[in-house]
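# Examining the three-dimensional arrangement
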Amino acid sequence: MPELPVAPDAAAVLDVPETDVEPLATVLRTLRLTRLGPDEFTGTSVPQLTGRIYGGQVLAQSVLAAAATLPEDGDGPRQLHSVHGYFLRPGKVELPITFAVERLHDGRSFSTRRTHALQQGKPILSLISSYQEDQPGREHAATAPPAADPESLRSALTLFSEVDHPVAKFMSSTAAFDIRHVEQDVYLRGAARPTDSQMLWMRARSPLPAGLTQLQHRALLAYACDQVLLEPVLRRHGLSWRTEGLSVASLDHGMWWHRPLDVGQWLLYVQESPSAQGGRGLGIAKIFDTAGAHVATVAQEGMVRVPADAEPGPRTEEREVPVPGPDEEWRRPSLR
């Protein structure tokens, strides 16, 4: 097979449409990576109270960096269809991130890339992503279950705005996505009835700018989904994001995009946790659009620990606690 031509030299900054509406504007700016060379890019981070980089951000940046190295062979763009990555170290928001891309394979239909996200020369994420030309083939898909209309459900943004706490105020002003749980959320207290499944709706908080490509929609889905994937683990064990001593960190992330999607429209997450053991829990989500199309599937294992796990004897469920005051502890979900 003749060697495919490499991607042409790109502009110094990756082309991502901009908006002046915050907080989405800040997220889109972080996706506008600066190209340092044919296979090297650099980027910044969304501010976080913890000082640690949000995992979904570096996932989204990594797939965009990899896609900027794809060949143009005249058969149409190769679309992102899967990623498999490991979070290796906590990232620091005040430091730049370097994205080093390795061109593993360019075939007739598929391209594969490895991306290392680096800070101070050390990898914080190692990810392999795959891209495919649009091709015909056999089809089947999961069916979306019945779910309450998202417009009838309470937004997490409403909850955050009503809580007098620094973390809630930060999330109310910086959350770029609107999340609406079909069941009781687990932000402030554990589920009244422990179960290993949940459903929620999510979409961008404000209208998206014109010109976003399907690749960029898929990257934004990777950005958004990381914050909820381990919630079924918490729900199964009666835990909440406020559980005393709770420690949560994403360990790895697998994601498959099946069909075109729009993160500016409501997407239904049908989630479950089939297993937890050894301080690790597995979260899986099937994602559907409002027409019922199965657009993506995600799996993530994360560290989920509470101090009681180190003590002998039976586990106790989290006691119900009041809404936190300004000096009480409350964690933001899914930060690495």
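Residues numbered from 1 in each chain as written. Predicted model: local features only at pLDDT ≥ 70, side-chain atom pairs only at ≥ 80, totals over all residues. Heavy atoms only, no water.

### Concerning the overall build of the protein chain
Formally: Secondary structure follows DSSP: runs of H or I at least 4 residues long count as helices, runs of E at least 2 residues long count as strands, and numbering of each begins at the N terminus. Categorising residues by exposure relies on relative accessible area from a 1.4 Å probe, with only protein chains included: less than 20% of the type maximum marks a residue as buried, more than 50% marks it as exposed, and the intermediate range marks it as partly exposed. Contacts are residue-level and defined by heavy atoms, with any inter-residue pair within 4.5 Å sufficient. Where accessible areas are quoted, they stem from the Shrake-Rupley method and a 1.4 Å probe; at the residue level, only the protein chains shown are allowed to cover.
Helix and strand counts for the protein chain stand at six helices and 12 strands. In the protein chain, which comprises 336 residues, the share counted as buried stands at 52%. Restricting to contacts in the protein chain with at least 6 residues of sequence separation, those with at least 24 account for 75%. Roughly 15500 Å² of accessible area belongs to the protein chain as shown, and the carbon and sulfur atoms make up 51% of that amount.

### With respect to helix 4 (residues 166–174)
Those residues of helix 4 not exposed but buried are V167, A168, F170, M171 and S172. Buried residues in helix 4 make contact with helix 3 (156–162).

### Regarding the pattern of salt bridges
Heads up, the condition is: Any Lys or Arg side-chain nitrogen located within 4 Å of an Asp or Glu carboxyl oxygen qualifies as a salt bridge.
Counted according to the given criterion, the structure contains 12 salt bridges. We note a salt bridge from R103 to D39, for which the minimum N-O separation is 2.7 Å. In this pair, R103 is assigned in strand 4 (residues 97–106) and D39 in the loop between strand 1 (34–37) and strand 2 (40–43), connecting sequence segments 64 residues apart. With relative accessibility at 26%, the residue R103 sits in the partly exposed group.

### Examining helix 5 (residues 214–225)
What counts is decided by this rule: To estimate how far a helix should extend, the number of its residues minus one is multiplied by 1.5 Å.
Relative to the 16 Å expected for 12 residues at 1.5 Å per residue, helix 5 spans 17 Å between its end C-alpha atoms, a close match to the ideal helical length. Most of helix 5 is tucked away, with 11 of its 12 residues classed as buried. When we look at burial in helix 5, the residues that qualify are L215, Q216, H217, R218, A219, L220, L221, A222, Y223, A224 and C225.

### Let's talk about the nonpolar core
Stated formally: Nonpolar cores were defined as sets of buried Ala, Val, Leu, Ile, Met, Phe, Trp, Tyr and Cys residues, with membership established by side-chain atoms within 4.5 Å.
Counting residues in hydrophobic clusters, the biggest one holds 81 residues, and the most contacted among them are V58, F177, L221, W257 and Y269. The next biggest cluster of nonpolar side chains, apart from the first, holds six residues, and it includes L153, M199, W266 and L268.

### Quick notes on the environment of L282
Here L282 lies in strand 11 (residues 280–289). L282 gets classed as partly exposed once you look at its relative accessible area, which sits at 26%. Linking L282 and S250, residues 32 residues apart in sequence, is a C-alpha distance of 10.0 Å. Once you skip the residues sitting within four places of it in the chain, L282 turns out to touch V233, E272, S273, P274, S275, Q300 and E301.

### Some remarks on the environment of P194
Along the polypeptide, P194 turns up in the loop between strand 7 (177–181) and strand 8 (197–204). In this structure P194 comes out as partly exposed when scored by relative accessible area, which is 36%. With 43 residues separating them along the chain, P194 and H237 place their C-alpha atoms 6.2 Å apart. Excluding anything up to four places from it in sequence, P194 contacts R235 and R236.

### Re the sheet that holds strand 12 (residues 294–305)
Our working definition: Between any two strands, pairing holds if DSSP finds at least two bridges. Axis definition: a line fitted to C-alpha atoms, limited for helices to the stretch in contact. Angles are taken between N-to-C directions and run from 0 to 180 degrees.
Strands sit in the order 1-2-4-5-6-3-9-12-11-10-8-7 across an open sheet of 12 strands; the sheet is antiparallel. The sheet is open, and its two borders are formed by strand 1 and strand 7, each paired with just one other strand. Averaged over all neighbouring strand pairs, the angle between strand axes comes to 25 degrees, with direction disregarded. Pairing of strand 2 with strand 4, which is carried by four bridges, proceeds in the antiparallel orientation. Across the sheet, residue G43 finds its bridge partner in strand 4, namely I97. Those strands touched by helix 2 (residues 55–67) are strand 2, strand 3 (78–87), strand 4, strand 5 (110–119), strand 6 (122–133) and strand 9 (247–257), and its axis lies near 50 degrees from that of strand 6. Along the sheet, helix 5 makes contact with strand 3, strand 6, strand 7, strand 8, strand 9, strand 10 (267–277), strand 11 and strand 12, crossing strand 9 at roughly 155 degrees.

### Points about the pairing of strand 1
Bridge analysis of strand 1 against strand 2 gives three bridges, and the strand direction is antiparallel. Bridge pairing in strand 2 places R35 opposite F41. What sits between the antiparallel neighbours strand 1 and strand 2 is a turn of two residues.

### Let's talk about unusual backbone geometry
Here E22 and P23 are connected by a cis peptide whose omega angle stands at 5 degrees. Mapped onto the elements, P23 comes out in the segment before helix 1 (24–30). Positioned with a positive phi, Q120 is a non-glycine residue whose angle comes to about 50 degrees. If you trace the backbone, Q120 turns up in the loop between strand 5 and strand 6.

### Overview of the confidence of the model for the protein chain
For clarity, the cut-off: Residue-level confidence of the predictor, termed pLDDT, takes values from 0 up to 100.
Summary statistics for the protein chain give a mean pLDDT of 91 and a share of 89% for residues scoring 70 or more. For the stretch residues 326–330, pLDDT sits under 50, and the model shows 19 contacts to residues farther than four places along the chain or on other chains.

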